[in-house]
Number of protein chains: 4
Amino acid sequence: MSGKQKHNANPMWGGRFESGPDALMREINASIHVDYALYGEDIAGSIAHARMLEASRIITQQEAADIVRGLEQIRGEIDAGQFTVSEDLEDIHMHIEARLKEIIGDAAGRLHTARSRNDQVATDLRLYVRRACDETDRLLQALQAALLKQAGAHTHTIMPGFTHLQSAQPVTFGHHLLAYAEMFWRDRDRFHETRRRANECPLGAAALAGTSFPIDRHMSAKALGFDHPMRNSLDAVASRDFAVDFLAASTTTSLHLSRLAEEMILWSTPQFSFVRLPEGFTSGSSIMPQKRNPDAAELVRGKSGRILGNLVSLCMVLKGLPLAYNKDLQEDKEPVFDSHYQLELCLRAMTGMADGMQADKERMEQAAGWGHATATDLADWLVRECNLPFRDAHHVTGRIVKLADELGVTLEHLHIGELQRIDGRITPEVLSCLSVAQSVKSRTSYGGTSPENVRNAIMEAKERYGIV
Amino acid sequence: MSGKQKHNANPMWGGRFESGPDALMREINASIHVDYALYGEDIAGSIAHARMLEASRIITQQEAADIVRGLEQIRGEIDAGQFTVSEDLEDIHMHIEARLKEIIGDAAGRLHTARSRNDQVATDLRLYVRRACDETDRLLQALQAALLKQAGAHTHTIMPGFTHLQSAQPVTFGHHLLAYAEMFWRDRDRFHETRRRANECPLGAAALAGTSFPIDRHMSAKALGFDHPMRNSLDAVASRDFAVDFLAASTTTSLHLSRLAEEMILWSTPQFSFVRLPEGFTSGSSIMPQKRNPDAAELVRGKSGRILGNLVSLCMVLKGLPLAYNKDLQEDKEPVFDSHYQLELCLRAMTGMADGMQADKERMEQAAGWGHATATDLADWLVRECNLPFRDAHHVTGRIVKLADELGVTLEHLHIGELQRIDGRITPEVLSCLSVAQSVKSRTSYGGTSPENVRNAIMEAKERYGIV
Amino acid sequence: MSGKQKHNANPMWGGRFESGPDALMREINASIHVDYALYGEDIAGSIAHARMLEASRIITQQEAADIVRGLEQIRGEIDAGQFTVSEDLEDIHMHIEARLKEIIGDAAGRLHTARSRNDQVATDLRLYVRRACDETDRLLQALQAALLKQAGAHTHTIMPGFTHLQSAQPVTFGHHLLAYAEMFWRDRDRFHETRRRANECPLGAAALAGTSFPIDRHMSAKALGFDHPMRNSLDAVASRDFAVDFLAASTTTSLHLSRLAEEMILWSTPQFSFVRLPEGFTSGSSIMPQKRNPDAAELVRGKSGRILGNLVSLCMVLKGLPLAYNKDLQEDKEPVFDSHYQLELCLRAMTGMADGMQADKERMEQAAGWGHATATDLADWLVRECNLPFRDAHHVTGRIVKLADELGVTLEHLHIGELQRIDGRITPEVLSCLSVAQSVKSRTSYGGTSPENVRNAIMEAKERYGIV
Amino acid sequence: MSGKQKHNANPMWGGRFESGPDALMREINASIHVDYALYGEDIAGSIAHARMLEASRIITQQEAADIVRGLEQIRGEIDAGQFTVSEDLEDIHMHIEARLKEIIGDAAGRLHTARSRNDQVATDLRLYVRRACDETDRLLQALQAALLKQAGAHTHTIMPGFTHLQSAQPVTFGHHLLAYAEMFWRDRDRFHETRRRANECPLGAAALAGTSFPIDRHMSAKALGFDHPMRNSLDAVASRDFAVDFLAASTTTSLHLSRLAEEMILWSTPQFSFVRLPEGFTSGSSIMPQKRNPDAAELVRGKSGRILGNLVSLCMVLKGLPLAYNKDLQEDKEPVFDSHYQLELCLRAMTGMADGMQADKERMEQAAGWGHATATDLADWLVRECNLPFRDAHHVTGRIVKLADELGVTLEHLHIGELQRIDGRITPEVLSCLSVAQSVKSRTSYGGTSPENVRNAIMEAKERYGIV
């Protein structure tokens, strides 16, 4: 159990420290409740190390076999929830070491030849981050799939495109959702890069200086799936920039999620009523049955704070630390574990919401027409068809909008005669560009919002994102 | 157990979500593992509310008596660790409510008259912060006491005063320690202010708008020790600046701790060897028996990152939130609980180290003499006694220092004749100001480092700090 | 001009460093473009120091008179924009010192008796922070006045009270605005406390250890309006927690501003249309005359990021710094100046917007009725008047709401007969609690939203806030 | 001039706002003092756009020629410092537009066909970030070159390798410096990735929805050196994750710099005296000629705070922003510009210090021997040569270290007879592993600290880093 949890589980912890410095030191020093999560990585790393020691003839075949057998037994015990955590052993490494000795006896000690806690723990955390990157990538892909599915259903659904949260120009709902799919595409790239950069092996750096044992670091690196051993032993045990990368990628992703969550919350208000979020991700009220609070979206939005906080936390820890290992580095794990866990929750919740939300096409299209959102189309038409300079086109458009306001109609409901009275160069063809549907259809420039574009973009994206 | 802990305790949690949105929603929505820590506050708040409802004749005497009895029974059960946490109830409030119904039946429902979860949870967190401020204040006072004790033992111990981590002028070790005691004095003031500002009562704001029941908010506020009820019901349920205050005060304190920790780490290096930290707060090596790693000091230094991270986290959560309650606010508790817990650990560890560290007076005094640290005293003497302008005094001093370097001696070992050859106005009296002991003794300006000053400062501080 | 500005003004700065380390060192070391803003504080501090040296007979009356005259001349020159900044003098202190020597000759050197740059710069920044607190307090008060003015005009204007950005219960617009006035009240308290804690005088701490000159620190402290001299010379030159306090108070204020800004942006959307922001604080479009982008509100919201960034920046600088002065501390000023400046901009802009916004009462009241926002009132009535247990009251209310939905009417348009068919205990009196106006009127608990309450709250607040 | 600078240059700005909302709005809204730095990017973008419009037959050849000529003239004017900034034009784009109209008349208006400020400013900032990545990469490479040069000179220089800032095992100074070169290698990779991900073109996204003009976005993207046009128009104008990437890469780099700076500061203390920093990067004292304050190193350490602050700032700005453009995004530029500028300063200063620092080999080697730093070598020898289990080897080593302490000698000065009395299995060969030189020499595992390794690592690194 982590420090946090301990605190929570036992609010009377005030009395804990009575027993003097030893108890207090154990309390502040212990990391078992945090690094317990690394047991899989730790055992994998130890097995690779043992096999390498064997191949390098530093330990015997028998010793290696005993060690591997013992470690696999321990893994089974932990997997099965049959492993006992002791207050007296400060971390997961010591727990496994102690248990290994119980199982195989003194040979357990051989495992620590040419290795130290410093390179061991750095290896474990890199393995964890690598796995976390892969898991996050899969979750991001699932979210993209949900967005593409909705986008596919809404290539022709028209909504207001906002700037400054004011209606600016109509866009398609599909196009809007694809914008997020693209953000998450870059986020996936961030996790790929984080994984690639993290994927080098500290094992064999020993305490800090390397070792005089004839070890084969390339072998153990390969066995663990690393690209190569780290090239400098001090760097191997002292650096945590790979963890900062993970936290930074998580932060960027959570920012994108917070933007989408904000929109879902807005869209769900009675004022907007653009979408209805799936019941499973909202909370109701026994008294107001029509009410749906977008709890999950709010939590996704809020958790971006925590994920940024974790990044700040580790950066502050690293500031000004001299080489090589310092105990401050023990504070590297919780931010990583927490951001990983929280981001997983957020991605799954967002995928559920994106997948299940129901758009109210009618409300959206109606809102798209508010505020003369096709005025730009009119001005563009004047430039394009009548060859008016931009400024003049704007001026004419302004007068037409004003007229529409006075008449209390939207642009597309003006008569051609009324338009021509403002500027004689206007022809009936203009009418075709004044409806929101026509506006959207005309935005065919690469990356533009036209339904045709959106359909193509979905097809291209599916392939690029690896979605079948 | 917190989200974090859950994650840690069961690393295979990937499978958890298989059961669909409901399970996921429960996972992201649940706060019981965090807000369990608030049970004491929650029960106290409910008792005060029930008594007020009774006095206002909104519920009967019997109902109130049943409610209070039931709540006290629940408190006893939780205190004794006999309370069952259920996956199906999302927070501590629902747990207590459900249990109360089991114990006293339908009257339990009366407790929720003229109250909502929104004002209830805001009240609980304010009560928690108030208690946390008091606890932190006491811990800061204990640390001050340890610093004063050491300062008292070292009013005459001379060490180098550093600027830019270069020896600048000699100071006393006692004076150096008092600088930290003063910082912690201001930190205590921060917690006092945080407490004062937090100490107003949201109870009775109901969901957001107040209530039409004839409640007496002053009565329940008073019963809970608040200064008064909050004046605006929307503000009462939507604001968390009191929690930001707590996190900011914790951050400032942790920065001061990080500075002292850094110095302890430096002082413990073989290169400095100014102090020896108590064994209980260091870790050794079976192989290098003379080695003492200052683990606790490093952790104190590192944890400043986490505490700043918590502050950033909550600020980000609050940014741009419309009134009144939003679910994002559920992310307010963990930063507060964690900073409180971590700061407690740090303060206790630092108190132990400050109390038990042993200064090596000889090493310190020897180092104080390096680098002609009394050159400023010499220049000041020339200004004061020979009425030289400052710039001239500096020039003469520079020449004398250069001579000492050439001769390979410290300033105080120059002969008066050598000094007078550089400037004839120098008299033998100058010699008295060239030793580090004399330098320190002469700094008698208010707040200066002289032993006499330090002794007086300790006496004054003891009284101000409330240390007997 | 600051590094930032230099960079901006001359984007070809890449070539700047060609001239070798000296030019580079000057570039990284210089602070004149930042600390120029401190000239007023620096001169005031020097005058107080000179007068004290005179009174303590460390310099002569004539020297003091010359120094003071020279400094006042320099202040005049800078005030008038007639002061030349030189690349060769790294900070404002050296500029003033050099100019003073030009004006009064060698006596200028006497000013530096019993003082160093370290205590001088700490004094200047404290004076700045004190002034900034006072200015910010006045701006916050002006914003409160604008909010109270609007609140006074809208004691009876009904709007939806939101939770989760869903309509929850009707509130008055005046009540909503008062919630912010209360937040800013606490922010003012934060600046008062920051000022109080900062208001002690480092002057006379000298480089770090105090001085052997017989100075009178109480005199110079008093002359500068400080409460007392700082009690420990090391603390005086090494601590910057007062600057962290200022940045933290600025952050909390900016968070409150970001919330109000967010609401103004929401309220200005075509979907909400609750308020119309004053033209002077929005930007239009030549092509869409009806469009009003809430630029100023968006900038206020966004600048909360920068203000939090400044806080993080200084915290990171301070982490792990050994005593006493370190050059890192030069990075203390820009965050303070920038947060002060940006917060001033934000407060003035928000005051302008709060003062000039026009509420659309009709839209607000109409929206307040959506979503059966008085369902809680109905349930409360059933509890209060019919003595139904809470759960039963909720159940009955749910059925009534469902009926209203089926009939397509709001609660207040149901007939008494329809209500009684659902529950026979309902009497015609219930109808009085189903309108939003009645709902709001009934919330008379202390701090509740009833118009009467709001009127009283405004009167009480005016007095407390010092608004005439 | 930026807001910051304005503030600094004119401390009497309090009066600025007297003239009412218009002046205030201009003040908060204007970005010209910040985005002036983008003029080169803005003109390049406009030229590419004009050429594309011409090729797409949207404007005439003559119009395009006029526009390009006019823009190039403006670039010349700004380059030459002959461009007038006006208070009335809020940003660099409007300045250039207005000047273009003065030069070429109405054709200037044609430039804005099929483009808006939103895609224009996003394009400019991407071009800036791309250039900043390239510049930073070159500076990082120069720093690596300085580190390799020093490492090459110190392949055999022995120093203590620290863990917990306690001597742990001897390492070579060259090896230590290479650790940093590796960190900066990964930092270069971060800037490469940032550049790659940023290098897609928003131009042609128009306001948010694309355009109905038949533009060729691939052509303008290619002309500006972008890899391809952005695939979604909403994403193109609303996303700033590329700027977050830049700030995150800057933060990681600055953390690595802060660690090296910390070590330089430590190494320069009289207590360590491992290196002497070049005079050009330190400041002296007229009075203490031997003193050298490591100012530049301290500033490099401190500026990591500011660079992290900039990252936090932009993350906060982005949190919860709905699509597409919002004015908050105007706050994206200053953090980027400032981090770029500050990091450039830091990298240049660090390169100067790394290049010019002089190591005191004797002091380093002497310190390396303190604390029985070869005890691990002894234990390893016992494991390797005598086949002792690890625990036994540790036990024996502990007894030997204790003996050395009692005799007051270092391990290598013990006699073989003394060693054999403790354990009979020890042979004279052991003596060869007890000196620090031998210890270092024996660490030949890949990535270990042996001089041979370091020499090879330098050769490999030079090629990888592209250093000739």
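Along each chain, residues carry numbers from 1 onward, in the same order as the chain's sequence is written. Chain letters and ligand numbers both follow the written order, the letters beginning at A and the numbers at 1. Thresholds applied to this predicted model are a pLDDT of at least 70 for local features of residues and 80 or more for the giving and counting of side-chain atom pairs; totals over whole chains, interfaces and linings are not thresholded and use all residues. Working from all heavy atoms in the structure, the side-chain values ignore hydrogens and water.

### What to know about the confidence of the model for chain A
All names here are of chain A. Across chain A, the average pLDDT comes to 91, with 94% of residues at or above 70. Confidence scores here are pLDDT values: one per residue, from the predictor, ranging 0 to 100. What makes two residues a contact is simply this: any of their non-hydrogen atoms within 4.5 Å. Residue range residues 1-19 is modelled with pLDDT below 50. Its contacts to residues more than four positions away, or to other chains, number 45 contacts. Model confidence for the complex: the whole-complex pTM is 0.95, and ipTM, which rates the interface, is 0.93.

### Some words on the packing of aromatic side chains
Residue and element names in this part refer to chain C. Centres within 6.5 Å make a pair out of two Phe, Tyr or Trp rings, where for Trp the six-membered ring is used; the pair is then stacked when the planes are under 30 degrees apart, edge-to-face when over 60, and tilted otherwise. Summed over all chains, the structure comprises 30 aromatic pairs over all chains. Geometrically, the ring pair formed by Tyr128 and Phe337 is tilted, given 4.5 Å between the ring centres and 45° between the ring planes. Here the residue Tyr128 occupies a position in helix H7 (residues 117-153), and Phe337 occupies one in helix H13 (residues 333-356), the gap between them amounting to 209 residues. In terms of burial, Tyr128 and Phe337 fall into one category: buried. The helix count covers DSSP runs of H or I at least four residues long, the strand count covers runs of E at least two residues long, and both are numbered beginning at the N terminus. Partly exposed describes any residue whose relative accessible area lies between the buried limit of under 20% and the exposed limit of over 50%, with all areas from a 1.4 Å probe on protein chains only and scaled to the type maximum.

### Brief notes about unusual backbone geometry
Residue and element names in this part refer to chain A. The linkage connecting Leu323 with the following residue, Ala324, adopts the cis geometry, with an omega of -10°. Notably, Leu165 is not glycine yet its phi reads approximately 55°, a positive angle. Inspection of the secondary structure assignment puts Leu165 in the loop between strand S1 (158-163) and strand S2 (166-172).

### Here we look at helix H19 (residues 451-465) of chain D
All names here are of chain D. In a regular helix each residue adds 1.5 Å, so 15 residues correspond to 21 Å; H19 covers 20 Å between its end C-alpha atoms and thus fits that length. Along H19, the residues classified as buried are Pro451, Asn453, Val454, Ile458, Ala461, Arg464 and Tyr465. Angular distribution of buried residues about the axis of H19 spans 135°; they occupy a single face of the element. In H19, the exposed positions angled more than 90 degrees off the buried face are occupied by Met459 and Glu463. Taken from the residues just after H19, Gly466 is the one with a positive phi, measuring 75°. Here, expected helix span is obtained from the residue count minus one, scaled by 1.5 Å. Throughout, the arc means that of the directions going from the helix axis to the C-beta atoms.

### Brief notes about the environment of Met264 of chain A
All names here are of chain A. Mapping Met264 onto the fold places it in helix H11 (residues 241-268). Between the C-alpha atoms of Met264 and Tyr465, which are 201 residues apart in sequence, the distance is 23 Å. If we ignore the near neighbours within four places in the chain, the residues touching Met264 are Val275, Leu277, Met350, Met353, Ala354 and Met357.

### Describing the domain arrangement of chain A
Residue and element names in this part refer to chain A. When its domains are assigned, chain A resolves into domain 1 (15-111), domain 2 (127-153 + 161-205 + 233-366) and domain 3 (369-465). As annotated, the domain borders come from an automatic or database domain assignment. Between domain 1 and domain 2, the C-alpha centre-to-centre distance is 34 Å. Contacts between the two partners involve 12 residues from domain 1 and, on the opposite side, 9 residues from domain 2. The quantity reported as buried area is the accessible area (1.4 Å probe) lost by two parts once they are put together, taken as the sum for both. Between domain 1 and domain 2 the total buried area reaches about 840 Å² when both faces are included, carbon and sulfur atoms providing 66% of it. The term salt bridge refers to a side-chain nitrogen of Lys or Arg lying within 4 Å of a carboxyl oxygen of Asp or Glu. The interface formed by domain 1 and domain 2 contains 2 salt bridges. Between Arg131 and Glu41 there is a salt bridge, with its nearest N and O atoms 3.0 Å apart. Distance and chemistry together define a polar contact, namely a pair of N or O atoms within 3.5 Å, with one atom able to donate a hydrogen and the other to accept it when in protein, and with adjacent residues in sequence counting only for side-chain atoms on both sides. Here domain 1 is connected to domain 2 by 3 residue pairs in polar contact (both at pLDDT 80 or more). If you list the elements that add at least two residues to the side of domain 1 that touches domain 2, you get helix H2 (21-29), helix H3 (32-35) and helix H4 (39-55). The class makeup of the residues in the side of domain 1 that touches domain 2 is 5 nonpolar, 4 polar and 3 charged. Throughout, the ten residues Ala, Val, Leu, Ile, Met, Phe, Trp, Tyr, Cys and Pro are labelled nonpolar, Asp, Glu, Lys and Arg are labelled charged, and all others, Gly among them, are labelled polar.

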